[in-house]
Amino acid sequence: MLTLLWTDIAIFGLVIGAVVAVWRSSKKEHLRRPWAKIFNNRMGVVSLTIVLFFLLVGVLDSVRLQHYEKLPDGDYSEHAKALSVLDIILTPIRLQVEKTYSEPFAHTAYAKEMNVDEAGVTQWLYPRLLYGGAHLNNPKSDKQADILLKIGKGLAHGLLAWLGFIFLLRLTKRNLFKTKLKGVNSGLLTLLVIFCVVGMIASLGSFYHILGTDKVGEDVLYQAIKSIRTGLVIGGLTTIVMLPIAIGLGLMAGFFRGWVDDVIQYLYTTLSSIPGVLLIAAAILMAQVYMANNPALFTTLEDRADMRLLLLCFILGITSWTGLCRLLRAETLKIREMDYVVAACALGVGRFQLLKRHVLPNVMHLVMITIVLDFSGLVLAEAVLSYINIGVDPSTYSWGNMINTSRLEMAREPIVWWSLTAAFVFMFTLVLAANLFADAVRDAFDPRYIE
Amino acid sequence: MINYIIRRLFYVVPVLLGVNILTFVLFFVVNTPDDMARMQLGDKHVTQEAVDNWKQQRGYHLPLLWNEQEEGLQKASNTIFFKKSVGLFVFDLGISDNGRDIVADITQRMWPSLAIAIPSLIFGVLANITFALLLIFYRSSVLEFAGLFLCITLMSISGLFYIIAGQYFIGKLLALTPISGYAPGIDAFKFILLPVFIGVVGGLGSGARWYRTLFLEEAAKDYVRTAKAKGLSDLQVLFRHVLKNTMIPILTGIVVILPLLFMGSLITESFFGIPGLGSYTIDAISSQDFAIVRSMVFLGSFLYIIGLLMTDISYTLVDPRVRLD
């Protein structure tokens, strides 16, 4: 059975909205041109492919099913647990929990332990891990060869899957390789890389902890992958909250002018004058007080964490609409004086129709550019907010929480570096891809960039 | 000019009032002082007396907006809104929830914040301008492409990474600077080196890209073409004409953030253990000291609005085409 959290519903809404927008714009010639420009830009296609892959992972992580867990003794658990499809796919990685820290690809724990062997002799040694490299009899000599073999296998599977995928694409779209769009080949090559990485993770994941384990022995790779959804929710949902306010108020201020303009300008000056972090902190503090006093409303831990994530998006949205609103107001002021708008007005088109048919479509490029530009900033902001403890709930998987908990491990001797590195690398990949895509979108949609 | 400033100052009042009402609603209406007291004293096992006592000590026992028990003007003045919010207008920030004078704390803590923020700003702007000029100078070459890619890469790295990596490599492995801490006076020098360096590197990506677009806009103007046509070399055009004229948007862009330098940087200060206003705010947030957070919200908005005003004035000073009337 399907169970949904509020953020899941919001994610589906966002994805459906995006698909509808793309489908509708593909029918219009003047909107197809900028998209063709993006697909002509190699960097644009490569980054779009990566962002879409992250999005796919996020969506898989949002489809939640009531799942009966298979226990180690072969039976199934009595109570169903709501698990996402991604959780079910990652079951081997998710359930292989060690006792405590272990290095990437390690077969022994990271710290020495007192150990009593069968003969009753006490030894001070690195104990073998429960799962990592447990299939090897003689890890010291065999491990390297085994890892290389598994990597090779993973690469081969990835390549095969990719070839299959291309074959299917050829079947559905005959002229795929005859296209003049430069970016398509780069996109397919990026797909090959993604397929190979997924293949390697699939073949190595159930035998080793590819990125090590953390303090309670949980696989770091699993945490990093689960964090993708949080990053996407923060970047995406905030946009949903922000867009209606920014578009509505921005158009109204520019179009009606007079006292409407004054009120709206006053609103955004006031809001933007409050330092963003402090406003978020104040709102989150208040939300915590509210949750502490109304425990009945949030029954499960998951509900609570989800509400907090939703609230964070809401607050971020409220604090971040002012920039776009200001832009839209200025643009609307310009557009409303254009001849075609004046003509439409003279022909008796109503105000609402005027805004909808003549003004809104002409500011959409600004909206589009702002959405993609803001996205990466929001993903980065999540990490900072979690560090000050005003971000997502500590029980939610997020890169910010990973960084926050592993920050102190840098002072350990020897240091535990893999948690921190994993969080930064994942975050960097998503943000870099989003930034590069934002550049491609701006080049394609912003009329000032046409050279 | 003076008229304009006075008019703008009058415009500041309603904005500050708006900020004030917003913080009031956020801190006192969404959750009553009772809720705050319970939260601070520990959730469920608190007697009503303890709550009342806590409120009495901090002056939260008064009614929110209207005091029925008082006479005349006191009806409006002897309330939480008047005592806690209106006082902010004359910078009577009051006493923090743990009993310290907030104004005294702020005047003492703003110096370390400034010691970090001012050098970071100066060196940051210098580094950004230099990098942007290099990008312009090598326009449409492989070097520019590489430089732009470097900018995007620098932008995509989390600010936390710069701090943690800097502390680990420069502070711990190379032991060039102390990892964290602060000392007053001239000794502060070695403590501010690392935070300033990290601040400059962390801001280089987005800063250089932003300045580059400013330079490009300026370089597309007619007088630049004229200058080139009459035979000036690229370097001369760049330094004599483009750089000079681009300084207008650059300088006015800096003016806006000048007042906010007092507030310090939340993350940098708390990572490096610098006793400035940024770490003060962070501590207040984590210990849920509502009085301090409220004061800092107000102070931050006030400084931002001052910054906007200063920007408008600085336009008239540096750009003779702009007149404020």
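Remember, predicted model here, so these are calculated numbers, not experimental data.

Some words on the overall build of chain A
Then comes step 1: The secondary structure content of chain A amounts to 15 helices and five strands.
Then comes step 2: Principal axes of the C-alpha set define a box for chain A whose edges measure 100 × 60 × 45 Å.
Then comes step 3: Looking at chain A as a whole, 40% of its 451 residues are labelled buried.
Then comes step 4: In chain A, the share of contacts with a sequence separation of at least 24, taken over all contacts with a separation of at least 6, comes to 71%.

Quick word on the overall build of chain B
Then comes step 1: Helix and strand content of chain B: 14 helices and zero strands.
Then comes step 2: Starting at the N terminus, the α and β elements of chain B follow one another as α-α-α-α-α-α-α-α-α-α-α-α-α-α.
Then comes step 3: Residue pairs in contact within chain B that sit at least 24 positions apart in sequence constitute 65% of those at least 6 positions apart.

Focus on the interface of chain B and chain A
Then comes step 1: Counting residues at the interface gives 40 residues for chain B, matched by 37 residues for chain A.
Then comes step 2: Elements that contribute at least two residues to the side of chain B that touches chain A include exactly α1 (2–29), α2 (33–41), α7 (142–156), α8 (159–173), α12 (266–272), α13 (277–286) and α14 (290–318) of chain B.
Then comes step 3: Of the residues contributing to the side of chain B that touches chain A, the split by class is 25 nonpolar, 12 polar and three charged.

Points about unusual backbone geometry
Residue and element names in this part refer to chain B.
Then comes step 1: Positioned with a positive phi, Ser140 is a non-glycine residue whose angle comes to about 45°.
Then comes step 2: Take Ser140: it is sitting in the loop between α6 (102–137) and α7.
Then comes step 3: The exposure class assigned to Ser140 is exposed, which follows from the 7 C-beta atoms found within 10 Å.
Then comes step 4: Its identity as a non-glycine residue notwithstanding, Ala175 has a phi of 55°, on the positive side.
Then comes step 5: Within the secondary structure layout, Ala175 lies in the loop between α8 and α9 (188–219).

Section: the packing of helix α10 (residues 276–293) of chain A against α14 of chain B
Then comes step 1: For the pair α10 of chain A and α14 of chain B, the least separation of the axes is 10 Å and the interaxial angle reads 150°. Compared by their axis directions, α10 of chain A and α14 of chain B come out roughly antiparallel. The element α10 of chain A and its partner α14 of chain B pack so that their crossing is left-handed. Contacts from Leu278, Leu279, Ala281, Ala282 and Leu285 of chain A in α10 of chain A reach Val293, Met296, Val297 and Gly300 of chain B in α14 of chain B.

Quick word on the confidence of the model for chain B
Then comes step 1: Taken as a whole, chain B shows an average pLDDT of 82; of its residues, 88% reach a score of 70 or greater.
Then comes step 2: Overall fold confidence for the complex sits at a pTM of 0.88, while the interface term, ipTM, reaches 0.84.

Overview of the environment of Met307 of chain A
Then comes step 1: As for its position among the elements, Met307 of chain A is in helix α11 (residues 301–335).
Then comes step 2: Residues Met307 of chain A and Arg351 of chain A, spaced 44 residues apart in sequence, show a C-alpha to C-alpha distance of 38 Å.

Here we look at α7 of chain B
All names here are of chain B.
Then comes step 1: Relative to the 21 Å expected for 15 residues at 1.5 Å per residue, α7 spans 21 Å between its end C-alpha atoms, a close match to the ideal helical length.
Then comes step 2: Looking at α7, one finds that the buried residues are Cys151, Met155 and Ser156. Along the axis of α7, the buried residues cluster in a sector spanning 130°; they form a single face. Exposed positions of α7 whose direction lies more than 90 degrees from the buried face are Val142 and Ala146.

Remarks on the packing of α10 of chain A against α11 of chain A
Residue and element names in this part refer to chain A.
Then comes step 1: Contact geometry for α10 and α11: axes closest at 10 Å, N-to-C directions at 150°. Classified by the angle their axes make, α10 and α11 are roughly antiparallel. The two elements α10 and α11 meet at a crossing, and its hand is right-handed. When α10 is examined against α11, the residues Gly276, Leu279, Ile280, Ala283, Ala287 and Met291 are found in contact with a partner set consisting of Arg304, Arg308, Leu311, Ile315, Leu316 and Thr319.
Then comes step 2: Of the residues belonging to the contact of α10 with α11, the class tally is eight nonpolar, two polar and two charged.

Concerning the environment of Tyr208 of chain A
Residues and elements named next belong to chain A.
Then comes step 1: Within the secondary structure layout, Tyr208 lies in the loop between α7 (183–205) and α8 (220–256).
Then comes step 2: Separated by 101 residues in the primary sequence, Tyr208 and His107 place their C-alpha atoms 7.7 Å from one another.
Then comes step 3: Setting aside its immediate chain neighbours within four residues, Tyr208 contacts Phe105, Gly132 and Gly133.

Considerations on the confidence of the model for chain A
Then comes step 1: With 95% of its residues at a pLDDT of at least 70, chain A reaches an overall mean of 84.
Then comes step 2: Within chain A, helix α3 (residues 42–60) of chain A carries the highest mean pLDDT (91), whereas strand β1 (residues 2–3) of chain A carries the lowest (70).

Brief notes about helix α9 (residues 258–273) of chain A
Then comes step 1: The terminal C-alpha atoms of α9 of chain A lie 23 Å apart, and with 16 residues this matches the ideal 22 Å at 1.5 Å per residue to within 8%.
Then comes step 2: Along α9 of chain A, the residues that are buried comprise Ile264, Tyr268, Thr269, Thr270, Leu271, Ser272 and Ser273 of chain A.
Then comes step 3: Where α9 of chain A is buried, its residues touch α8 and α11 of chain A together with α1 and α14 of chain B.

Thoughts on the nonpolar core
Then comes step 1: If you look at the biggest cluster of nonpolar residues, it comprises 159 residues, and the most contacted ones within it are Ile280, Ala281, Ala282, Ala423 and Phe437 of chain A together with Val293 of chain B.
Then comes step 2: It is helix α15 (residues 418–445) of chain A that provides the largest number of residues to this core, a total of 18 residues.
Then comes step 3: Discounting chain neighbours no more than four positions away, the residues touching Val293 of chain B are Leu278, Ala281, Ala282 and Leu285 of chain A together with Ala284 and Ile285 of chain B.

Digging into the environment of Tyr266 of chain A
Then comes step 1: Following the sequence through the fold, Tyr266 of chain A ends up in helix α9.
Then comes step 2: What makes Tyr266 of chain A partly exposed here is the crowd of 14 C-beta atoms within 10 Å.

Brief notes about the pairing of strand β4 (residues 113–116) of chain A
All names here are of chain A.
Then comes step 1: Here β4 pairs with strand β5 (residues 122–125) via four bridges, running antiparallel. Each bridged residue has a counterpart across the sheet, and for Glu113 the counterpart in β5 is Leu125.
Then comes step 2: The turn linking β4 back onto β5 is made up of five residues, and Gly120 within it adopts a positive phi angle of 85°.

How each quantity is defined
Residues numbered from 1 in each chain as written. Chains lettered and ligands numbered in written order. Predicted model: local features only at pLDDT ≥ 70, side-chain atom pairs only at ≥ 80, totals over all residues. Helix = DSSP H or I, 4+ residues; strand = E, 2+ residues; numbered from the N terminus. Buried ≥ 20, exposed ≤ 12 C-beta atoms within 10 Å, placed from the backbone. Contact = placed C-beta atoms within 7 Å. Nonpolar A, V, L, I, M, F, W, Y, C, P; charged D, E, K, R; others polar. Axes fitted to C-alpha atoms, helices over the stretch in contact; angles between N-to-C directions. Parallel < 35°, antiparallel > 145°, perpendicular 65-115°, else oblique. Left-handed = near helix turned anticlockwise from the far one by under 90°. pLDDT = per-residue confidence, 0-100. Expected span 1.5 Å × (residues − 1). Arc of directions from axis to C-beta. Core = buried A, V, L, I, M, F, W, Y, C linked by C-beta atoms within 7 Å. Pairing = 2+ DSSP bridges.

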